[in-house]
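# Descriptive analysis of the structure
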Amino acid sequence: FWLLRRWVRWPPAAIVGGLFFGFSPFVLVSLALAHPNFGFLAPIPLIVGCIDDLFVRHRFRPLWVGFALGLLLTVEFFVSVEVLLLVSMFAVFAALFFGVRSMFGTRLAVRGAVVEAAPALGLAAGVSLALLAYPLWFFFAGPAHLVGRAWPNSPSGTVENSPGEFFNGFVSGPLTGVMHIFGGYQGPTLPLLGTLSF
């Protein structure tokens, strides 16, 4: 709600958007399967708010926003590396979209926003890399780093999304079996993590 109020004037629209974010199939399925690291998405609106402030709002000093962004990225790493990867991928897609859009519009304004935000983004990268240097080494090359598939006994292709499943998709039979074995979930059929419909 806090983040969406920046972009919409009508408060009920922000309430609906906040409820959809907080109780989306991604969150509900993750919590039902005892994956609180996927269900806890509180840092995400704060990360997007920092990026919005750097490129659009300019309410705070950019270096302070960059420092906060670096801390938030570090927090999200420890909450869920997978969600941090999803956020990073979305940021790349958004940057590409606005880059292509700037070729057909206000190119100078976009270039100015990027130049103004660059030091803060560099500080955010520096802060997060400094705080995550050892955890990243441990994650990728430490004595207990993962090699191969995380769940080698689960059937291949049980966790995936096709374009149609974003609109109407429920958990498949093989994935339901994996949920019973590893998660112990015995409840009703759940939507897939990526579906947009209730």
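Residue indices follow the written sequence of each chain, beginning from 1 at its first position. The predicted nature of this model means local features are confined to residues of pLDDT at least 70 and side-chain atom pairs, given and counted, to a pLDDT of 80 or more, with totals for whole chains, interfaces and linings taken over all residues. Side-chain metrics in this entry use all non-hydrogen atoms of the structure; hydrogen atoms and water are not considered.

## Comments concerning unusual backbone geometry
Where we set the bar: Where helices and strands are cited, they refer to DSSP runs of H or I of at least four residues and of E of at least two residues respectively, numbered from the N terminus. Residue burial is assigned from relative accessible area. The probe radius is 1.4 Å, only protein chains are included, and a residue is buried under 20% of its type maximum, exposed over 50%, and partly exposed in between.
Although it is not a glycine, histidine 58 sits at a positive phi angle of roughly 55°. Looking at the secondary structure, you find histidine 58 in the loop between α4 (43-57) and α5 (62-79). Under the relative-accessibility criterion, histidine 58 is labelled partly exposed at 37%.

## Overview of the side chain of arginine 6
For clarity, the cut-off: Pairs of N or O atoms are called polar contacts if they sit within 3.5 Å, as long as, within protein, a hydrogen donor faces a hydrogen acceptor (for residues adjacent in sequence, only side-chain-to-side-chain pairs). Contacts between residues were defined by any pair of non-hydrogen atoms, one from each residue, lying within 4.5 Å.
Note that arginine 6 resides in the segment before α1 (11-22). A distance of 3.2 Å separates a polar side-chain atom of arginine 6 from the backbone oxygen of glycine 49. Dropping the residues within four chain positions of it, arginine 6 is found in contact with Gly49, Asp52, Asp53 and Arg57.

## Here's the deal with the packing of aromatic side chains
This is how it is decided: Two aromatic rings from Phe, Tyr or Trp, using only the six-membered ring of Trp, form a pair when their centres are within 6.5 Å; if the ring planes differ by under 30 degrees the pair is stacked, by over 60 it is edge-to-face, and anything between is tilted.
Taken as a whole, this structure holds seven aromatic pairs when the rule is applied. Ring geometry for tyrosine 134 and phenylalanine 138: centres 6.1 Å apart, planes at 40°, overall tilted. Residue tyrosine 134 and its partner phenylalanine 138 are located together in helix α7 (residues 107-141), separated by four residues, close to a single helical turn. A relative accessible area of 55% means that tyrosine 134 is categorised as exposed. Judged by its relative accessible area of 37%, phenylalanine 138 falls in the partly exposed class.

## Here we look at the confidence of the model for the chain
Filter applied, for reference: Confidence of the predictor at the level of single residues is captured by pLDDT, which takes values from 0 to 100.
Taken residue by residue, the chain gives an average pLDDT of 79. The fraction at 70 or more is 70%. Averaged over each element, pLDDT in the chain is lowest for helix α8 (residues 173-183) (62) and highest for α5 (94).

## Some remarks on a nonpolar patch on the surface
To keep it simple, the criterion reads: The residues that make up patches have over 30% relative accessible area and no salt bridge, and they are joined within 9 Å when like-charged or within 5 Å when they are Val, Leu, Ile, Met, Phe, Trp or Tyr. Residue exposure ignores everything except the shown protein chains as possible cover, and the areas themselves are Shrake-Rupley values with a 1.4 Å probe. Should a side-chain nitrogen of Lys or Arg be within 4 Å of a carboxyl oxygen of Asp or Glu, the pair is scored as a salt bridge.
Taken together, the side chains of Leu63, Trp64, Phe67, Leu71, Leu123 and Leu131 define a hydrophobic patch exposed on the protein surface, amounting to about 570 Å² of accessible area. Looking at the nonpolar patch, the elements with two or more residues in it are α5 and α7. Ranked by the residues each element gives to the nonpolar patch, the list is headed by α5, at four residues. Here leucine 71 lies in helix α5.

## Re the pattern of salt bridges
The final tally for this structure, using the stated rule, is two salt bridges. Here arginine 6 ties to aspartate 52 by a salt bridge, and the two come within 2.8 Å at their closest N and O atoms. Here arginine 6, found in the segment before α1, pairs with aspartate 52, found in helix α4; they are 46 residues apart in sequence, far enough to count as distant. Per residue, the accessibility class of arginine 6 equals that of aspartate 52, and both read buried. Between arginine 57 and aspartate 52 there is a salt bridge, with its nearest N and O atoms 2.9 Å apart. For arginine 57, a relative accessible area of 26% corresponds to the partly exposed category. Relative accessible area serves as the criterion here: at 7%, aspartate 52 is assigned to the buried category. A single network of salt bridges, built from pairs that share partners, joins Arg6, Asp52 and Arg57.

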